[in-house]
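# Architecture at a glance
Each chain, letter by letter, is given below.
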Amino acid sequence: MSFRWLCLLIALFPVSSMFPLTAQQRAMTIVDLINMPGLGDPQISPDGSQLLFVQTDPDWDANSTISHIGRVNLDGTGSVQLTNGEGGESNPRWSPDGLHVAFVANRHDTEHEQIYLMPTNGGEAGVLTQHPTPVGAIEWSRDGEWVYFVAVDEKTDFEKAREAVNDNVFRYEEDQRPNGLWRASVESGEAERVTESGTMVRGYSLSRDGTVLLVQLAPTPLYDDMLNSELWVMGVDGSGASQITDNHVGENNATLSPDNRLAVFVANTNDELNDFYYNQRLFVVPVAGGDPVSVVPHGDFDVNAAVWSADGGSIYFRANTGVRQQIYTVPADATDAGAAVALTEGDHAIGAWVFDEVSETHVFSINSPTNAGDFWALGQDSGDPSQVTHVFDYLAQMFHLPKIEAVQYAGEDGVEVEGLLYYPINYREGTRYPLVVQTHGGPPSSDKFSFPRSSNYESVLTARGWFVFKPNYRGSTGYGDEFLRNMIGHYFDQAHKDVMAGVDHIIERGLVDGDRMAKMGWSAGGHMTNKIITHTDRFKAAASGAGAINWLSMYAQSDVRIYRTPWFGGTPWTENAPVDQYLADSPLFDLHKVTTPTIVLVGENDNRVPMAQSVELFQGLKANGVPTHLYVAPKQGHGWRELQQRLYKGNVELDWFYQWVLGEEYDWEQSPVHPDKKETVTTAG
């Protein structure tokens, strides 16, 4: 449903009467999931009365999504779409006086994404910048005279000359250009550089009084150099830069306290900042010099983001605690995680979040089993949050949605493990159903209470009579450091055993037919799928998405190594390298054990888990006579973005599961693209 039509329906009819009630509910389809909007980037107006946000909708004709900027009053009234450019818009920011909105767009009169300014009360947007490279991450200066932005460094004259004659040889990893921080004059549009050329800006924020910049700088754009980034403070024009951290942990989400004396940041390290690969901590560091202090120590929370309170006496933070994600508050000088108090509660995950220090209001999205992420507001004295947007109200009214419950069970070694179990829509007690086991990516992540997405299409599976089980296996975040760090020194120690212990637990409860089970996952979920099919033959079908099969070759192929090194106890190319551990954890060398029919899916240009890993898996399965196909999405990276590709993924996986688990034919879902515009391909691969 498009943004404009949804706003019109909300205006014409009360939300409760927009869609038929339970008697008229129907099952969700993959297309329904792809058609769901996305909401993000909430921004509260300077007077605290309105909210800007970005809504992303599918465009089947373009085979992609498009984003536009919306505005709504914080009381939920007056929802309007502010922009409607053909190429979409993003990154909306209120001017300090509330009279203008700055945003990023690529329109017909600009070569790249540029900054545009638009009157808040309507009117044409005008382009502000003419930067030679795409811009993003914009912020107004506090006096409204500048708009800051991040942009990749321009090619040198020599590089342009080479490009003009198709001299296209490049140095692997060495020719990547870093991002720099710039600011553009609102009066003239002229831009000036703030940070020095050659350094990589990974994040920045302005102090509340507008006199200081806090910038995260890294030596290169390479992912692994994230650990070599540090925090710097400088004048708003880049002058007087001073480094305030010196470690090897990779700070992020950093902001200055209201008095500019302290900076808060998040890092996945231990409390002493001398080791890597822990649940993310919250730290406070003096700007004038001194050691950072862990505010919520011991890894009791996996902290994702943080902001200062209005007076600087407290810190608000968002944290993952396993299958849930909440917002908490803690005194800024606390050194005990027990001092943290939850501001939100419920079976949900808090997503995009902003805090306005003037009105002391939080706005955040709540992703739950019945709502895919509408925005809610929580004021200082308001008690419970109030709903601001109603974009996703239609989901619970139009569709049959599955019951989801958190399940706890004992791993093979007795440690408690948690997961999420999705019930078939018309579940009948005493009946055993087929099961799909889905394992999350990361692996430093966790599956949380949330609305299904097209990548895993849980609501489609449950509507078709399947259970879906999503275990937070060893290595997941939100369960303490020991649980997370079980993978240190050996990736596959307890993780795959946790998955199978959960399967046995569900079977023992009489819910699932153990002879009708399928396994799927993407990224680390694909790693797990690859391990599981070598570990057991109990699954009748599997789908491996962008998974590693050979950790030795993967180490050099991937753009990330900082996580792999602690997993295996060192690199594979040093003297006395832990090669045996790399081999032991590589499912490739156990493919001779596999009997499970397995399809493989990957993006052609995946840098995170390169296509070569999927090719190794496919060739091994094929050579050993295991039924298999390899599906490659052209031009895609570590995820399939095009709408037709997302539909194909769901169709081909369901077709495979129906064939090998149920022994039935699957009727492929059709693309909604009108046949006189595009031909719809419906044949299974």
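## Regarding the overall build of the protein chain
Broken down by element type, the protein chain carries 13 helices and 36 strands. Here the C-alpha atoms of the protein chain give a radius of gyration of 25 Å, agreeing with the 26 Å that 2.2 N^0.38 yields for 685 residues. The dimensions of the protein chain, computed from C-alpha atoms along their principal axes, are 70 × 70 × 65 Å. Taking all 685 residues of the protein chain together, the buried fraction comes to 56%. Summed over its atoms, the accessible surface of the protein chain is roughly 28,000 Å², and 48% of this surface lies on carbon and sulfur atoms.

## Some points on the sheet that holds strand E10 (residues 146-152)
Reading across the sheet, the 4 strands line up as E9-E10-E11-E12 and stay open at both edges, with antiparallel pairing between neighbours. The sheet terminates laterally at strand E9 (135-140) and strand E12 (191-193), the two strands that pair on one side only. Between one strand axis and the next, the sheet turns by 30° as a mean value, whatever way the strands run.

## Considering helix H12 (residues 611-623)
The α-helix advances 3.6 residues per turn, and as a result positions three or four apart in sequence lie on the same side. The terminal C-alpha atoms of H12, which comprises 13 residues, lie 18 Å apart, in line with the 18 Å expected from a rise of 1.5 Å per residue. Looking at H12, one finds that the buried residues are Gln-613, Ser-614, Leu-617, Phe-618, Gly-620 and Leu-621. End-on view of H12: buried residues confined to an arc of 165°, all on one side of the axis. Turning to H12, the residues buried within the fold contact helix H8 (524-535), strand E34 (541-545), helix H9 (551-557), strand E35 (598-603) and strand E36 (628-633). Once H12 ends, the next one or two residues include Gly-625, with phi positive near 80°.

## Quick notes on the packing of aromatic side chains
By the definition in use, this model includes 38 aromatic pairs. For the pair Tyr-648 and Trp-668, a centre-to-centre distance of 5.3 Å together with 75° between the ring planes defines the contact as edge-to-face. Taken as a pair, Tyr-648 in helix H13 (residues 643-662) and Trp-668 in the segment after H13 lie far apart in primary sequence, 20 residues in all. Residue classification places Tyr-648 among the partly exposed positions, given a relative accessible area of 25%. Summarising the aromatic geometry, the rings of Tyr-658 and Tyr-666 are spaced 5.5 Å apart at their centres and angled 50° between planes, so their arrangement reads as tilted. Judged by its relative accessible area of 7%, Tyr-658 is buried. Of the aromatic side chains, those joined through ring pairs into one cluster are Tyr-223, Phe-276, Tyr-277, Tyr-491, Phe-492, Trp-551, Tyr-555, Tyr-563, Trp-567, Phe-568, Trp-573 and Tyr-582. Positioned over the ring face of Tyr-116 is Arg-107, at 5.1 Å from the centre of the ring.

## Thoughts on the environment of Leu-647
Inspection of the secondary structure assignment puts Leu-647 in helix H13. When the C-alpha positions of Leu-647 and Glu-669 are compared, they lie 7.9 Å apart, and in sequence the two are 22 residues distant. Excluding residues within four positions of it along the chain, Leu-647 makes contact with Ile-30, Val-31, Ile-34, Trp-60, Glu-669, Gln-670 and Ser-671.

## Some remarks on the layout of surface pockets
Its boundaries defined by the atoms lining it, the second largest pocket holds a volume of some 1,400 Å³. Looking at the second largest pocket, it is lined by 42 residues, and the ones nearest its centre are Arg-453, Ser-454, Ser-455, Asn-456 and Arg-641. Mapped onto the lining of the second largest pocket, the elements with two or more residues apiece are helix H2 (30-34), strand E2 (50-59), strand E30 (416-422), strand E31 (433-439), strand E33 (512-522) and H13. When its residues are assigned to classes, the lining of the second largest pocket shows 14 nonpolar, 18 polar and 10 charged.

## A closer look at H8
Relative to the 16 Å expected for 12 residues at 1.5 Å per residue, H8 spans 16 Å between its end C-alpha atoms, a close match to the ideal helical length. Buried residues dominate H8, accounting for 11 of its 12 residues. Those residues of H8 that sit buried are Ala-524, Gly-525, Gly-526, His-527, Met-528, Thr-529, Asn-530, Lys-531, Ile-532, Ile-533 and Thr-534.

## Examining the side chain of Asn-371
Along the chain, Asn-371 falls in strand E27 (residues 371-378). At 2.9 Å, the side chain of Asn-371 and the backbone nitrogen of Gly-373 are in polar contact. Reaching out from Asn-371, the side chain makes a polar contact with the backbone nitrogen of Asp-374 at a distance of 2.8 Å. Here Asn-371 is in contact with Ile-366, Gln-387, Phe-392, Asp-393 and Phe-451, once residues within four sequence places are set aside.

## Section: the nonpolar core
With 59 residues, the main nonpolar core has Leu-51, Val-363, Leu-395, Tyr-457, Leu-601, Leu-654 and Phe-657 as its most contacted residues. Per-element tally for this core: the top contributor is H13, with 8 residues. Apart from the residues within four sequence positions on either side, Tyr-457 is in contact with Leu-33, Met-520, Lys-649, Gly-650, Glu-653, Leu-654 and Phe-657. Phe-276, Ala-495, Val-499 and Trp-567 belong to the second largest nonpolar core, which has 45 residues in total.

## A look at the pattern of salt bridges
In this structure the tally under the stated criterion is 30 salt bridges. Residue Glu-154 pairs with Lys-160 through a salt bridge whose shortest N-O separation is 2.6 Å. Judged by relative accessible area, Glu-154 falls into the partly exposed class, the value being 42%. Several salt bridges share partner residues, and in doing so they unite Asp-41, Arg-93 and Glu-139 into one network.

## Observations regarding the pairing of strand E17 (residues 252-256)
Looking at chain direction, E17 and strand E18 (residues 262-269) are connected through 3 bridges and run antiparallel. From the neighbouring strand, Leu-256 faces E18, where its bridge partner is Ala-263. Between the end of E17 and the start of E18, which pair antiparallel, lie 5 residues, with Asn-260 showing a positive phi angle near 65°.

The rules we used
- Residues numbered from 1 in each chain as written.
- Predicted model: local features only at pLDDT ≥ 70, side-chain atom pairs only at ≥ 80, totals over all residues.
- Heavy atoms only, no water.
- Helix = DSSP H or I, 4+ residues; strand = E, 2+ residues; numbered from the N terminus.
- Rg over C-alpha atoms; globule rule 2.2 N^0.38 Å.
- Buried < 20%, exposed > 50% of the residue type's maximum accessible area, 1.4 Å probe, protein only.
- Areas by Shrake-Rupley, 256 points an atom, 1.4 Å probe, with all protein chains shown as cover.
- Pairing = 2+ DSSP bridges.
- Axes fitted to C-alpha atoms, helices over the stretch in contact; angles between N-to-C directions.
- Expected span 1.5 Å × (residues − 1).
- Arc of directions from axis to C-beta.
- Contact = heavy atoms within 4.5 Å.
- Phe/Tyr/Trp six-rings, centres within 6.5 Å; stacked < 30°, edge-to-face > 60°.
- Lys NZ or Arg CZ within 6 Å of the ring centre and 35° of its normal.
- 1 Å grid on protein atoms, 1.4 Å probe; cavity = no way out; pocket = protein on both sides within 12 Å on 5 of 7 lines; lining within 4 Å.
- Points joined across faces, edges and corners; volume = space filled by probe spheres on them.
- Nonpolar A, V, L, I, M, F, W, Y, C, P; charged D, E, K, R; others polar.
- Polar contact = N/O pair within 3.5 Å; in protein donor to acceptor, adjacent residues only side chain to side chain.
- Core = buried A, V, L, I, M, F, W, Y, C linked by side-chain atoms within 4.5 Å.
- Salt bridge = Lys/Arg side-chain N within 4 Å of Asp/Glu carboxyl O.

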